[in-house]
Amino acid sequence: MDYRATSATVEQTREWGKQLGACLRGGDVVALIGDLGAGKTAFAQGVGKSLGVTSHMTSPTFTFQQEYSGQLSGTGTGTKVRLIHMDLYRLQRPEEVEVIGVEDAFEEDVVCLIEWPKIAEDYLPEIRLEVEILGSGESLREIIFRPRGPEWEQRIVDLNI
Ligand SMILES: Nc1ncnc2c1ncn2[C@@H]1O[C@H](COP(=O)(O)OP(=O)(O)OP(=O)(O)O)[C@@H](O)[C@H]1O
Ligand SMILES: [Mg+2]
């Protein structure tokens, strides 16, 4: 089932990311889907905030991925995790997914956020959360949470969207 939220401002989109962040655990993979300027990075910044990341998070378009240290704020509060934020926009062929080591991020101590995940879809864990953001410019955003796997389903239900 899909869970739909709306966001009128960039701050609200960050807030949704922050709310999701509070239920994240090590090993989680979240695919962030949406057009250029939809708000994927803004959402990722909110996740970072809930994990205690203090440095400013930008889209790692040229470096493909950026790692931050954080700690869980929900279940297992205080447990250290690495937040790996990827942006695969500039990848052109699925083989490049292996070259840049996307799969190395699917570890128990990592929360992994992936912008432009489509090119890597054959490599992504089946159990994951997809978050799609519709809208651009200054228009209202629709944020769709799509749990992939029953465990995610329960966690999204608990978000009370
Ligand atoms: N409701 C909203 N939610 C998110 N961003 C919004 C909203 N309203 C306006 N914006 C603006 O839209 C832009 C979203 O940029 P952001 O970098 O987060 O997009 P993105 O999806 O990561 O794009 P890209 O694919 O280029 O990485 C920001 O400039 C932000 O201020
Ligand atoms: Mg981005």
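Residues numbered from 1 in each chain as written. Chains lettered and ligands numbered in written order. Predicted model: local features only at pLDDT ≥ 70, side-chain atom pairs only at ≥ 80, totals over all residues. Heavy atoms only, no water.

(A) Representation of the sheet that holds strand S5 (residues 110-115) in the model. Pairing within the open sheet is mixed, and its seven strands lie in the order S1-S7-S6-S2-S5-S4-S3. The sheet terminates laterally at strand S1 (3-7) and strand S3 (65-71), the two strands that pair on one side only. Averaged over all pairs of adjacent strands, the angle between strand axes in this sheet comes to 20°, irrespective of strand direction. As defined by bridge partners, S1 adjoins strand S7 (residues 141-148) across five bridges and the pair is classed as antiparallel. Paired with Thr-6 across the strands is Glu-142, a residue of S7. Where helix H4 (residues 150-158) meets the sheet, its contacts fall on S1, strand S2 (29-33), strand S6 (128-134) and S7, and the angle it forms with S7 comes to roughly 140°. (Pairing = 2+ DSSP bridges. Helix = DSSP H or I, 4+ residues; strand = E, 2+ residues; numbered from the N terminus. Axes fitted to C-alpha atoms, helices over the stretch in contact; angles between N-to-C directions. Contact = heavy atoms within 4.5 Å.)

(B) Looking closely at the nonpolar core. Counting 29 residues, the largest nonpolar core has Leu-20, Phe-43, Leu-83, Val-131 and Phe-145 as its most contacted members. Not counting residues within four places of it along the chain, the set of residues in contact with Leu-20 comprises Val-30, Phe-43, Leu-129, Trp-152, Ile-156 and Leu-159. Core analysis: the next-biggest nonpolar cluster, separate from the first, contains 15 residues, Ile-84, Leu-88, Val-110 and Cys-112 among them. (Core = buried A, V, L, I, M, F, W, Y, C linked by side-chain atoms within 4.5 Å. Buried < 20%, exposed > 50% of the residue type's maximum accessible area, 1.4 Å probe, protein only.)

(C) Geometry of the layout of surface pockets. Estimated volume of the largest pocket: approximately 340 Å³. In this structure, the largest pocket is lined by 21 residues; those nearest its centre are Gly-37, Ala-38, Gly-39, Ala-42 and Arg-141. Where the lining of the largest pocket is concerned, the elements lending two or more residues are helix H1 (10-21) and helix H2 (40-50). Among the elements that take part in the lining of the largest pocket, H2 stands out by supplying four residues, more than any other. Its residues assigned to classes, the lining of the largest pocket comprises six nonpolar, 10 polar and five charged. (1 Å grid on protein atoms, 1.4 Å probe; cavity = no way out; pocket = protein on both sides within 12 Å on 5 of 7 lines; lining within 4 Å. Points joined across faces, edges and corners; volume = space filled by probe spheres on them. Nonpolar A, V, L, I, M, F, W, Y, C, P; charged D, E, K, R; others polar.)

Remember that the coordinates give geometry; whether it matters functionally is a separate question.
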